[in-house]
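Examining the three-dimensional arrangement
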Amino acid sequence: MKLAVCIVHNRDKNRVTDELVKAGFKFTVIGSTGGFLREGNTTYLIGVEQEDVGGLRKLFSQNCQSRDQLVNVMPFEAATPGAFIPNPVKVPVGGAVMFLLDVEQFHRF
């Protein structure tokens, strides 16, 4: 058995949740925040058998697409009055990150 820890952008949360339920996966959802853009993320904890890992990876791959977003390089609070503020830059956001951990024991009560 594996424990999948999957982090997705909040924009993808509803679609991923619906697909996980349809596919019969049992999961726990934890709200989280990304470090770089400080935007909302959703972290899924999913217990999955080894033979179902490929299907889970495919589910996330199909429902969590990366996209470009414009962001300001310098936060507003760091700019001095009258300072030059550079143009926003495109950075990729979205997609998914999946960590697969071995589970030594699993108990359901």
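These notes cover the structure that comes with them.

Calculation rules
Chains are numbered independently. Their residues run from 1 in the order of the written sequence. Local features in this predicted model are restricted to residues whose pLDDT is 70 or higher, and side-chain atom pairs enter the listing and the counts only when it is 80 or higher, whereas totals over whole chains, interfaces and linings include all residues. Side-chain calculation: all heavy atoms of the structure are included, whereas hydrogens and water are not. For helices, the axis comes from a line fit to the C-alpha atoms of the stretch in contact; other axes are also lines fit to C-alpha atoms, and the angle between any two N-to-C directions lies between 0 and 180 degrees. For helices the rule is a DSSP run of H or I covering at least 4 residues; for strands it is a run of E covering at least 2, with both sets numbered from the N terminus onward. Any angle that falls under 35 degrees is termed roughly parallel, while one over 145 is termed roughly antiparallel, one within 65 to 115 roughly perpendicular, and all others oblique. Helix crossings fall into two classes, left-handed where the near helix is turned counterclockwise from the far one by less than a right angle and right-handed where it is turned clockwise. Note on contacts: a residue pair qualifies if any of its non-hydrogen atoms lie within 4.5 Å across the two residues. Polarity classes work like this: nonpolar for Ala, Val, Leu, Ile, Met, Phe, Trp, Tyr, Cys and Pro, charged for Asp, Glu, Lys and Arg, and polar for all others, with Gly in that last group. Pairing of aromatic rings covers Phe, Tyr and the six-membered ring of Trp, with a centre-to-centre limit of 6.5 Å; geometry is then stacked below 30 degrees between planes, edge-to-face above 60, and tilted otherwise. Only protein chains enter the calculation, and the probe is 1.4 Å; a residue is then buried if its accessible area is under 20% of its type maximum, exposed if over 50%, and partly exposed in between. Note: two strands are recorded as paired if DSSP finds a minimum of 2 bridges between them.

A few words now on the packing of helix α1 (residues 13-23) against helix α2 (residues 53-63). α2 packs onto α1 with a crossing angle of 150° between their chain directions and a minimal axis gap of 10 Å. When the axis of α1 is compared with that of α2, the two are roughly antiparallel. Read as a crossing pair, α1 and α2 show a hand that is right-handed. When α1 is examined against α2, the residues R15, V16, E19, L20 and A23 are found in contact with a partner set consisting of L56, L59, F60 and N63. When grouped by side-chain class, the residues that make up the contact of α1 with α2 number six nonpolar, one polar and two charged.

It is worth spelling out the packing of aromatic side chains at this point. Per the stated rule, a full pass over the model turns up two aromatic pairs. Consider the rings of F27 and Y44, whose centres lie 5.7 Å apart with planes at 65°: the pair is edge-to-face. Of the two residues, F27 sits in strand β2 (residues 27-33) while Y44 sits in strand β3 (residues 40-48), which places them 17 residues apart along the sequence. Using a relative accessible area of 25% as the deciding quantity, one classes F27 as partly exposed. Seen in terms of ring centroids, Y44 and F60 are 5.9 Å apart; in terms of plane orientation they differ by 70°. Their pairing is edge-to-face. Linking Y44 in strand β3 with F60 in helix α2, this pair joins segments that are 16 residues apart in sequence. This pair shows no difference in class: Y44 is buried, exactly as F60 is. Among the aromatic side chains, those forming a connected cluster through ring pairs are F27, Y44 and F60.

This part takes up the sheet that holds strand β1 (residues 2-9). With respect to topology, four strands assemble into an open sheet ordered β2-β3-β1-β6, the strand pairing being antiparallel. Both outer strands of the open sheet, β2 and β6 (96-102), are each paired with one neighbouring strand and no more. If you compare each strand with its neighbour and ignore which way they point, the axes differ by 20° on average. Those strands touched by α1 are β1, β2 and β3, and its axis lies near 15° from that of β3.

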